[in-house]
There are 2 protein chains.
Amino acid sequence: MSNHTTIWENARIATMQTGTGPYGLIDDGFIVVAGEQIQDIGSANPVHPIAGDVDSRRIDCGGRLITPGLIDCHTHLVYGGNRASEFELRLTGTSYADIAAAGGGIQSTVQATRNEAEDVLFDAARERLQRMISQGITTVEIKSGYGLDTDTESKMLRIAQRLERDLPLCVHKTFLGAHALPPEYAGQPDNYIDHVCQHMLPAIASESLVDSVDAFCETIAFSNEQTRRVFTAASDLGLPVRLHADQLSDSGGASLAAEFAALSADHLEYTNAAGAKTLGAAGTVAVLLPGAFYYLGETTRPPVKAFREYGVDIAVATDMNPGSSPMESILLALNMACILFALTPEEALRGVTVAAARALGVLQDRGTLEPTKRADFAIWNAAEPAELCYPIGAPQPACVVKSGQVLTGHLS
Amino acid sequence: MSNHTTIWENARIATMQTGTGPYGLIDDGFIVVAGEQIQDIGSANPVHPIAGDVDSRRIDCGGRLITPGLIDCHTHLVYGGNRASEFELRLTGTSYADIAAAGGGIQSTVQATRNEAEDVLFDAARERLQRMISQGITTVEIKSGYGLDTDTESKMLRIAQRLERDLPLCVHKTFLGAHALPPEYAGQPDNYIDHVCQHMLPAIASESLVDSVDAFCETIAFSNEQTRRVFTAASDLGLPVRLHADQLSDSGGASLAAEFAALSADHLEYTNAAGAKTLGAAGTVAVLLPGAFYYLGETTRPPVKAFREYGVDIAVATDMNPGSSPMESILLALNMACILFALTPEEALRGVTVAAARALGVLQDRGTLEPTKRADFAIWNAAEPAELCYPIGAPQPACVVKSGQVLTGHLS
């Protein structure tokens, strides 16, 4: 990276800093970027370039809106196959049980992910990620969980690591070995959890492929006790945890996540007020995933009012996955968070910036626009922040800047 | 247009012809295009180019899926302003009544559309339409209805006409003077309907700016009797009609539309079985608009089973408009029709091809892929038709062909 100074000026800046009015808005604003960092941010006349810095330049943003680079803090975007046929079967009347019995559902994705070559999976994930970047994403979380054996889980996370190296964006790698029971362990969930804790997780963590550990705590997945064992193993390795919690039933997942001071508890449709209170007390971020809610035709909504009451930070993510949320668009997730969960546009935008950065443990570096943070931002063909939430899937960013460099787009 | 022959080969073709199996699929198919028309379509070895036609060429579609060019048969895509602020007010607790009292709602769009210069409205609509074309649209319906005076209604329809001339796609122009009551006629809906029937419609029709006439029959808009007068005036001018019917209450709108042998009855969330039966008997197409259903948080669904039972053709459209369906994506409408209204993927795809063509009265020319029809088609980065419905807003077409010419994209 070069160390020249760039001044992005004539912009409306939603800094997303709290305590500075709605969206932390700065009118007629500028951002001074030095190398990969924000050096200064303010209103009206920007500082002059540092004397002697011959590389310094000014870029006129034409009055456009700037937000922090968006952060998608919950995705399963590395996978093989697709589930279009299953979708068609479901809608033409085949029961879920019959589809599962025929090897459909998550098991079909596990088989396809195991069978597919690493480069093929990489190329498909890279294409998805590029489309997501074009929507303003500069940081993404990617989970394993379609391998359910050491080799394939490791393959998925290596792909996540390669994506970070190949594309100029930040990738948070989450180990989700406890996503579903692999066919080899049918009827032996405890044995599988033993394997996850004693073999898979230590092996994969030793390759530095894990930033956090996730599990799916649900009647159709793993019990609270099994989840607890995974979390204990993660904690023993010094790894933070997060949890798929209370998506389809109130299983006390939120409280379990809070007990381990999880970075995030995700889904939470069935979380009760007591669970919300524990999240607030633990500082665990509630990650809402309206795509899965929409796609599964759910009607029970996460307790947004209780989250507000107990000061729980609310993030919003795509849950991009081939089964229950085949949706790449973070902008659509923003819209759905407003329409389906009645978040305000400001809450929704916090959900893909500040709160999402906290859910990934990177708020000191990203999530708001302020000096010393990484220069990750999106410049939108819009004037009002609410315009990012209101039209479905629009507007697009004119330009996405990552660590000070233009990732995609241009200002014309 | 040149008259050379082009053979699009090595494709999976969803002809959408009925009686030929699901989607009218042809494997290993070809389409021979002569000028603007489909000359031949079939499987395996295409006919050889006509002897002496030195311009003939072959294009390898790489096994991709081809569908008819998609048809969005219900949009309000010419308008001024945007309603992002109103969206934010609603979600931060301001009541709809207070927003309306402050000049919000449809009246704010009417004011913005009246005040905006024709070229500015044209440019904004053109941008929207180009994004829609990139999703595979080759025919679109555009309604007036944000003018509510002769000058502005005429301005909107002139823009629709210019869009057709400027962009290589087909535009169906619908006069929707009876969309809402303009402020000049507050408290005098019958007088406004008189004005619509006796002055606006004849004046605008005389400029050849109208292909069909629409009205909004609803408790918050116009009564059945007022709608009947508009339809009678349209019929007197030889213009076909369509209707915004039964969206928010069962007002007998479907039956009214059927009584006038309307091309389509649109929305229909509250239509009862008897209403569905009248549509079937009249051959009126039911146009489902899941975007507005989603956006308004509705819970009553259109009677899809009754439509099937009574042989009602079901179309699907975006309802693109700045208030209740700020959604440009026909692919998202397809997905929503499946997820929210439980259409099968095949029904949904029929809804944006065959049935949409019938709703616009152009089925003899478009809507399926067969000889003598216009060569409008989209070539998708997909193999299965269900892939157009299953991932949200994806895949995109590799290439869109309109009247035999490549409109956007390329095959690589």
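Here the structure is a predicted model, which is why all the values come from computation and not from measurement.

Undergrad: Describe the domain arrangement of chain A, and please don't skip the residues or the numbers.
TA: Think of interface size as the accessible area that goes away when the parts come together; that is how it is often given. Residues and elements named next belong to chain A. You can read the domains of chain A as domain 1 (5-68 + 369-409) and domain 2 (70-359). Distance from the C-alpha centre of domain 1 to the C-alpha centre of domain 2: 30 Å. The interface of domain 1 with domain 2 comprises 28 residues on the first partner and 23 residues on the second. Between domain 1 and domain 2, the buried area comes to about 1,900 Å², and carbon and sulfur atoms account for 70% of it.

Undergrad: With reference to specific residues and values, describe a nonpolar patch on the surface.
TA: Residue and element names in this part refer to chain B. A cluster of nonpolar side chains, namely I220, L248 and L296, defines an oily patch on the protein surface of about 260 Å² accessible area. Relative to the helices and strands, I220 is located in the loop between β9 (212-217) and α7 (224-236). For I220, a relative accessible area of 66% puts it in the exposed group.

Undergrad: I'd like to hear about the pairing of strand β15 (residues 397-402) of chain A, residue by residue, with values.
TA: Residue and element names in this part refer to chain A. The buried fraction of β15 amounts to 6 of the 6 residues, a majority that puts the element mostly inside the structure. Taken together, the 4 bridges between strand β14 (residues 377-380) and β15 define a ladder with antiparallel strand orientation. Directly across from W380, in β15, lies its bridge partner P397. Adjacent in sequence and paired antiparallel, β15 and strand β16 (residues 405-409) are bridged by 2 residues, among which S403 carries a positive phi angle near 50 degrees.

Undergrad: Can you break down the side chain of E141(A) residue by residue, with the values?
TA: All names here are of chain A. Within the secondary structure, E141 sits in strand β7 (residues 137-143). By relative accessible area, which is 0% here, E141 ends up buried. A distance of 2.6 Å separates polar atoms of two side chains, one belonging to E141 and the other to T174.

Undergrad: Break down the sheet that holds strand β7 (residues 137-143) of chain B for me, citing the residues and quoting the values.
TA: Residue and element names in this part refer to chain B. Spatial ordering of the open sheet is given by β6-β7-β8-β9-β10-β11-β12-β13, a layout of 8 strands whose pairing is parallel. Only two strands of the sheet have a single partner each, and these edge strands are β6 (70-72) and β13 (314-316). For this sheet the average axis-to-axis angle between neighbouring strands, irrespective of direction, equals 25 degrees. The sheet contact formed by strand β11 (residues 264-267) and strand β12 (residues 285-288) spans 3 bridges and is parallel. Counterpart to S264 in the pairing with β12 is V285. Sheet strands in contact with α7 are β8 (170-178), β9 and β10 (242-245), and its direction is about 175 degrees off that of β9.

Undergrad: Can you break down the relation of the copies chain B and chain A residue by residue, with the values?
TA: Aligned on chain A, chain B shows an RMSD of 0.0 Å; the corresponding rotation is 180 degrees and the shift along the axis is 0.0 Å. Viewed as a symmetry operation, the transformation between the two copies matches a two-fold axis. If distances are taken from each C-alpha of chain B to the rotation axis, the shortest is found for G393(B), at 4.5 Å. In this assembly, 100% of the residues forming the interface of chain B have copies in chain A that are likewise at the interface, indicating an isologous arrangement.

Undergrad: Help me get a handle on the packing of aromatic side chains, residues and values and all.
TA: Counted under the stated rule, the structure contains 14 aromatic pairs over all chains. Where F231(A) meets F260(A), the ring centres are 5.3 Å apart and the plane angle is 75 degrees; that geometry is what we call edge-to-face. Of this pair, F231(A) sits in helix α7 (residues 224-236) while F260(A) sits in the loop between α8 (253-259) and β11 (264-267), placing them 29 residues apart in sequence. Members of the aromatic cluster, joined through ring pairs, are F87(A), Y295(A) and Y390(B).

Undergrad: Quick one: what's the story with unusual backbone geometry, residue by residue and with numbers?
TA: Residues and elements named next belong to chain B. One non-glycine residue, S208, lies in positive phi territory at about 60 degrees. Looking at the element boundaries, S208 is found in the loop between α6 (189-206) and β9. Of note in the backbone geometry, D246 takes a positive phi value of approximately 55 degrees without being a glycine. Its location among the elements puts D246 in the loop between β10 and α8 (253-259).

Undergrad: Give me the pattern of salt bridges: which residues, what numbers.
TA: Oppositely charged side chains can form a pair if their charged atoms are brought close together. All names here are of chain A. Tallied over the full model, the rule gives 56 salt bridges over all chains. Here R114 and D149 are joined by a salt bridge, their closest N and O atoms 3.3 Å apart. With R114 in helix α3 (residues 106-115) and D149 in the loop between β7 and α5 (150-166), this pair connects stretches of sequence that are 35 residues apart. Of the residues examined, R114 reaches a relative accessible area of 18% and is grouped as buried. For D149, a relative accessible area of 22% gives the class partly exposed.

Undergrad: I'd like a rundown of the packing of helix α5 (residues 150-166) of chain B against α6(B), residues and numbers included.
TA: Residues and elements named next belong to chain B. Their axes nearest at 10 Å, the elements α5 and α6 cross at an angle of 40 degrees. Here α5 lies oblique to α6, going by the angle between them. For the pair α5 and α6, the sense of crossing is right-handed. The segment α5 lies against α6, with T150, E153, S154 and L157 engaging H195, M200, A203 and I204. When the residues that make up the contact of α5 with α6 are grouped by side-chain class, the tally is 4 nonpolar, 3 polar and 1 charged.

The rules we used
Numbering of residues starts from 1 in each chain and follows the order in which that chain's sequence is written. Note on labels: chains are lettered from A, ligands numbered from 1, in written order. With pLDDT at 70 or above as the cut-off, local features in this predicted model cover only qualifying residues; side-chain atom pairs require 80 or more to be listed or tallied, and sums for whole chains, interfaces and linings still use all residues. Side-chain numbers come from the whole structure's heavy atoms, not from hydrogens or water. Where each domain starts and ends follows an automatic or database-derived domain assignment. Contact criterion: two residues are considered in contact whenever any of their non-hydrogen atoms come within 4.5 Å of each other. Accessible-area loss on putting two parts together, using a 1.4 Å probe and summing over both, is the definition of buried area adopted here. Only residues whose relative accessible area exceeds 30% and that form no salt bridge enter a patch; like-charged residues are grouped when within 9 Å of one another, and nonpolar side chains (Val, Leu, Ile, Met, Phe, Trp, Tyr) when within 5 Å. Areas reported as accessible are Shrake-Rupley estimates using a 1.4 Å probe. Residue values count occlusion only from the protein chains shown. Within this document, salt bridges are pairs made up of a side-chain nitrogen of Lys or Arg and a carboxyl oxygen of Asp or Glu, the two lying within 4 Å of each other. Under the DSSP-based scheme used, a helix requires at least four consecutive residues in state H or I and a strand at least two consecutive residues in state E, with every element numbered from the N terminus. Type-normalised accessible area, obtained with a 1.4 Å probe on protein chains alone, sets the label of each residue: buried when under 20%, exposed when over 50%, and partly exposed for intermediate values. The rule for pairing is simple: two strands pair if DSSP sees at least two bridges between them. In protein, a polar contact requires one atom able to donate a hydrogen and another able to accept it; more generally it is a pair of N or O atoms within 3.5 Å, and residues adjacent in sequence count only if both atoms are side-chain atoms. Axis definition: a line fitted to C-alpha atoms, over the contacting stretch in the case of helices. Angles run 0 to 180 degrees between N-to-C directions. Here the copies are matched by least squares. The fit uses the C-alpha atoms of residues with pLDDT of at least 70 in both. When two rings of Phe, Tyr or Trp (its six-membered ring) have centres within 6.5 Å they constitute a pair, described as stacked for plane angles under 30 degrees, edge-to-face for angles over 60, and tilted for the intermediate range. Each angle receives one of four descriptions, namely roughly parallel if under 35 degrees, roughly antiparallel if over 145, roughly perpendicular if within 65 to 115, and oblique otherwise. Rotating anticlockwise by less than a right angle from the far helix to the near helix defines a left-handed crossing, while the corresponding clockwise rotation defines a right-handed one. Amino acid classes used here: Ala, Val, Leu, Ile, Met, Phe, Trp, Tyr, Cys and Pro are nonpolar; Asp, Glu, Lys and Arg are charged; the rest, including Gly, are polar.

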